[in-house]
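In case you want the letters, here they are:
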Amino acid sequence: MRFQANRRLILVLAGLIWLELSCVPYISIRMIRPDLFFIFLVFYAFRVSWKNVIAIAFLLGFLRDLLSNTFFGLETASYTVAALGLRFLAIRLDREKRWIQLASLFSFSCAALFIFSCLALTVEPEGTVNSWFLAKSFSISIYTTTLGFVFLPLLDRWLRPKLHIARQYELF
């Protein structure tokens, strides 16, 4: 039964990669694109297991590095460092409430994009990190959170019966 759940998670991840590469460019608004990997990481941290979220963030960041034309390693580092904060939020907060998941998605995406911009500034001091880039990062976080409002329940509905996730009772 556990293999079936892992296989379904791999299929969801492959579907997100396909959506990220093929469909997200069509729903971008003035070069502001949502990040479906952020949505998957928040779903995984809050609904599946917070214990492995850093390793999955590392893999998704590495995949993003392979697919982008930025300085290699920046996406991986920003995803991994922001996943530390996401793991902290998933451990400490109630994982059942949707508004907490969405607020964590917003803060995680803001943190990852801010870390990326700070790392890009250290690598390329005369680079493109300016106030427009920070406003774009904030807009990406809002757009990603808006899409998370739609995608998180879909992922929960499709994966929850197969994962047999127990309710959270270890808050205190």
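For the structure, check the block above.
1. Quick notes on the packing of aromatic side chains
Inspection of every chain in the model, using the stated rule, returns 5 aromatic pairs. Look at Phe62 and Phe72: their rings are 5.7 Å apart centre to centre, the planes differ by 80°, and that puts the pair in the edge-to-face class. Of this pair, Phe62 sits in helix H3 (residues 53-67) while Phe72 sits in the loop between H3 and helix H4 (74-92); the two residues are 10 residues apart in sequence, bridging distant segments of the chain. When the ring of Phe106 is compared with that of Phe138, the centres are 5.6 Å apart and the planes differ by 85°; the resulting orientation is edge-to-face. Taken together, the residues Phe106 in helix H5 (residues 98-123) and Phe138 in helix H6 (residues 131-163) connect sequence positions 32 residues apart. Of the residues examined, Phe106 reaches a relative accessible area of 25% and is grouped as partly exposed. Members of the aromatic cluster, each reached through a chain of ring pairs, are Phe38, Tyr79 and Phe108.

Conventions used here
Residues numbered from 1 in each chain as written. Predicted model: local features only at pLDDT ≥ 70, side-chain atom pairs only at ≥ 80, totals over all residues. Heavy atoms only, no water. Phe/Tyr/Trp six-rings, centres within 6.5 Å; stacked < 30°, edge-to-face > 60°. Helix = DSSP H or I, 4+ residues; strand = E, 2+ residues; numbered from the N terminus. Buried < 20%, exposed > 50% of the residue type's maximum accessible area, 1.4 Å probe, protein only.

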